[in-house]
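Below, each chain spelled out in residue letters.
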Amino acid sequence: MALPPSSVSRPAAPSTEPQNPSPSSGFTPRADTPPSLQNAPPPRSQPSAPGAATGGATGRVTSGGQLPRGAGQEHRVYDLRPYTGYLTKHDRPHQAVVDWIVRETGTDVWHTEPFGFMTADRDELSVYHTNEMHQVIAGIVDRFVAGDKDPQVMNLKVMTVGNPNWRSRAHPLMQHVHVQTPGIQAWLLTKENAALVMSLLRARTDVRQVQAVDLIMHNGQTEKLASLRGRNYVLNVKPSPAGWPPYEPETGEIQEGYQLELSPLLSVDGRTLDCVINANIDQVDKFVDVDLELPLPNQQIHRTKVEVPQLVSWRLHERFRWPSDMVLLLSCGVVASPDRSQSAMPLLNFSAITGTTAGRADALMFVEFRGKASQNLTQAPLVPQVSSRVSAPNRGRY
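Residues numbered from 1 in each chain as written. Predicted model: local features only at pLDDT ≥ 70, side-chain atom pairs only at ≥ 80, totals over all residues. Heavy atoms only, no water.

### A closer look at the overall build of the protein chain
Tallying secondary structure elements over the protein chain gives six helices and 13 strands in all. Burial status across the protein chain gives 39% buried among its 398 residues. Approximately 23200 Å² of the protein chain is accessible, and the part contributed by carbon and sulfur atoms is 52%. (Helix = DSSP H or I, 4+ residues; strand = E, 2+ residues; numbered from the N terminus. Buried < 20%, exposed > 50% of the residue type's maximum accessible area, 1.4 Å probe, protein only. Areas by Shrake-Rupley, 256 points an atom, 1.4 Å probe, with all protein chains shown as cover.)

### Examining the nonpolar core
One recurring pattern in soluble globular proteins: nonpolar side chains tend to sit buried together. If you look at the biggest cluster of nonpolar residues, it comprises 33 residues, and the most contacted ones within it are Leu 156, Ile 277, Trp 322, Leu 328, Met 365 and Val 367. Looking at this core, the elements with two or more residues in it are β4 (152-161), β6 (185-190), β7 (207-217), β9 (247-266), β10 (272-295), β11 (301-323), β12 (326-336) and β13 (360-372). Ranked by residue count, the leading element in this core is β10, at five residues. Dropping the residues within four chain positions of it, Ile 277 is found in contact with Glu 261, Leu 316, His 317, Glu 318, Phe 320, Leu 328, Leu 330, Met 365 and Val 367. With 21 residues, the next largest nonpolar core counts Leu 87, Trp 100, Leu 125 and Ile 137 among its residues. (Core = buried A, V, L, I, M, F, W, Y, C linked by side-chain atoms within 4.5 Å. Contact = heavy atoms within 4.5 Å.)

### As for the sheet that holds strand β3 (residues 124-129)
The three strands are arranged β1-β3-β2 in an open sheet whose pairing can be described as antiparallel. The sheet terminates laterally at β1 (74-79) and β2 (117-120), the two strands that pair on one side only. Across the sheet, the axes of successive neighbouring strands diverge by a mean angle of 10°, strand direction being ignored. The sheet contact formed by β1 and β3 spans six bridges and is antiparallel. Following the sheet pairing, Glu 74 is matched in β3 by His 129. (Pairing = 2+ DSSP bridges. Axes fitted to C-alpha atoms, helices over the stretch in contact; angles between N-to-C directions.)

### Points about the pattern of salt bridges
Using the criterion set out here, one finds 16 salt bridges in the structure. For Glu 368, the salt bridge identified is with Lys 191, shortest N-O distance 3.7 Å. Linking Glu 368 in strand β13 with Lys 191 in helix α5 (residues 191-202), this pair joins segments that are 177 residues apart in sequence. Overall, the relative accessible area of 15% leaves Glu 368 in the buried class. (Salt bridge = Lys/Arg side-chain N within 4 Å of Asp/Glu carboxyl O.)

### Observations concerning the environment of Met 118
Relative to the assigned elements, Met 118 resides in strand β2. With relative accessibility at 21%, the residue Met 118 sits in the partly exposed group. In sequence terms Met 118 and Arg 76 are 42 residues apart; their C-alpha atoms lie 9.9 Å from each other. Excluding residues within four positions of it along the chain, Met 118 makes contact with Val 98, Ile 101, Val 102, Trp 110, Leu 125, Ser 126 and Val 127.

### Some words on helix α2 (residues 94-105)
Across its 12 residues, α2 extends 17 Å between first and last C-alpha, which sits within 8% of the 16 Å expected from 1.5 Å per residue. For α2, the tally of buried residues reaches 11 of 12 residues, placing the bulk of the element in the interior. Among the residues trailing α2, Gly 106 stands out with phi positive, at a value near 85°. (Expected span 1.5 Å × (residues − 1).)

### Focus on the packing of α2 against helix α3 (residues 131-145)
At their nearest, the axes of α2 and α3 sit 10 Å apart, and the two run at 135° to each other. It follows from the interaxial angle that α2 and α3 lie oblique. Crossing angle aside, the handedness with which α2 passes α3 is right-handed. In this structure, α2 uses Ala 96, Val 97, Trp 100, Ile 101, Glu 104 and Thr 105 to contact α3, whose residues at the interface are Met 133, Val 136, Ile 137, Ile 140, Val 141 and Phe 144. When grouped by side-chain class, the residues that make up the contact of α2 with α3 number 10 nonpolar, one polar and one charged. (Parallel < 35°, antiparallel > 145°, perpendicular 65-115°, else oblique. Left-handed = near helix turned anticlockwise from the far one by under 90°. Nonpolar A, V, L, I, M, F, W, Y, C, P; charged D, E, K, R; others polar.)

### A word on the side chain of Ser 331
The residue Ser 331 is located in strand β12 in this model. There is a polar contact of 2.8 Å between the side chain of Ser 331 and the side chain of Asp 362. Excluding its chain neighbours within four sequence positions, the residues that come into contact with Ser 331 are Arg 167, Gly 183, Ile 184, Gln 185, Trp 187, Asp 362, Ala 363 and Leu 364. (Polar contact = N/O pair within 3.5 Å; in protein donor to acceptor, adjacent residues only side chain to side chain.)

### Some words on unusual backbone geometry
Residue Pro 114 follows Glu 113 across a cis peptide bond; omega there is -5°. Along the chain, Pro 114 falls in the loop between α2 and β2. A positive phi angle, close to 70°, is found at Gln 299, a residue other than glycine. Along the polypeptide, Gln 299 turns up in the loop between β10 and β11.

### Considerations on the packing of aromatic side chains
Evaluation of the coordinates by the stated rule reveals six aromatic pairs. A ring pair is formed by Phe 115 and Tyr 128, whose centres lie 6.0 Å apart and whose planes are at 55°; its orientation type is tilted. Residue Phe 115 is located in the loop between α2 and β2, and its partner Tyr 128 is located in strand β3; the two are separated by 13 residues in the primary sequence. Overall, Phe 115 belongs to the partly exposed group, its relative accessible area being 37%. By relative accessible area, which is 0% here, Tyr 128 ends up buried. Ring centres of Tyr 233 and Phe 287 lie 5.5 Å apart, and the angle between their planes is 20°; on these two criteria the pair is classed as stacked. On the criterion of sequence distance, the pair formed by Tyr 233 in strand β8 (residues 223-239) and Phe 287 in strand β10 is long-range, its members being 54 residues apart. Taken individually, Tyr 233 and Phe 287 each receive the classification buried, so the pair is uniform in this respect. Aromatic rings pair up to connect Phe 115, Phe 117 and Tyr 128 into one cluster. (Phe/Tyr/Trp six-rings, centres within 6.5 Å; stacked < 30°, edge-to-face > 60°.)

So this is what it looks like as C-alpha cells:
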C-alpha cells in the first residue's frame, strides 16, 4: 500500500488573485479562515544539505515508499460530515472524535508496534492500523455520526455536607459503583431515588448547594465550568527603591475554588452514557506566618513577616459509564470545601482576620442526563470563567 494522497504534498492551483503575503510571517488569513488557523507559524527554512543544520538531528529524507503491513494494517477513511456538519459554531469539532478514540485505545498503540497513524479534519478521519483496531474505532465513530445530533442537557449539582453521616439514611437507595481514584466513592440511583436523596440532604442544616446548572452540550464535546477567587498574601519582603520605608512587601495571589470539565458520549441507541469527569478543587486552609529580622542602616533591626500558604486540594479524573436513565452521584470524602462562605458583614469576617477557613466538607456531585435540549425547559448555561482515569494506557491528557 502506498502513502494516502492526503499525506503527500499537492501542487498549489494557479490563482489569478494578487499575492500580498505578510512580510513577517508569509501568511495572510482569508476571511473564512477558522480561528485555529488565524495565526499560522512562519515556514521553516530547510537545510541545504544533510548535516547543514546544527544543534540536533535532521532525520533521513526518504521518498515515501510502501507503508509497513507486517501486522495486516489497513488504511480506512471515515466520513465525519454527518456529525461535524451540525457543529458550525465549533472551530475543531473533529477533535472530540480523536480524543474519544484515544481514551478508548490509549496513546501507546499509536507510538509503538505495529505501525499506525491517525489524522482528522472537519470532513474525514484517516486511520492506518490493524483490523482489530479499526473495529474499536468504528464503534466510537458510529456513536458520533449515527448518534443523536441535537444538543443534549447534562444537569450538574455540586453540594457540600458538613457531616458524612448522610449515608446512613441514603444507603438503601443507592447502588455502589467501583471507582479507581483513591478516596472517591460513586453510586448509581434511579431518578426517583435521586429525588429522595436530594430531599434528605436539603432537610439538613449543614448542606450548602455550590452549583446547580443545566449544561447544553453536543454529543462528545467537552464543557468547562469554573468558580475561582484570588487570595492575596505576603510572598516576600524586598528593599524599597524609595528608601523609606526601608522594606516593602511583595504580594502573591493564589486562585482557590473549583474547576470542572465534563465530556459525555451517548451510545447510538441513547441508552448508555460514557462521561469523562475532570474536577480540581484548591483551597487555602490557612496562612502560616514566618517572622523575619532585616538589618537597617542605623544598625537596628526591622521586624516583619512573610506568609506561607497551607493548601488543601483534591483531584478527580475518571471515566464513568452508566445507563442514561439513572443518576450518578460522586463523593470525594471529607476534603477541602469547593466553596468558602463569605461573611455578610466584612467587619465580622473573622476568617480574614485569623487567616483560617473552616473548609472541611463532604463534597457531592450529582450528574444527570436529561435528554434533548428541545424537550427540556432549562436555564441558560453558565459561561465558563476559564477550562479519567481510564484503563487504557495514556500520557495524562485523556
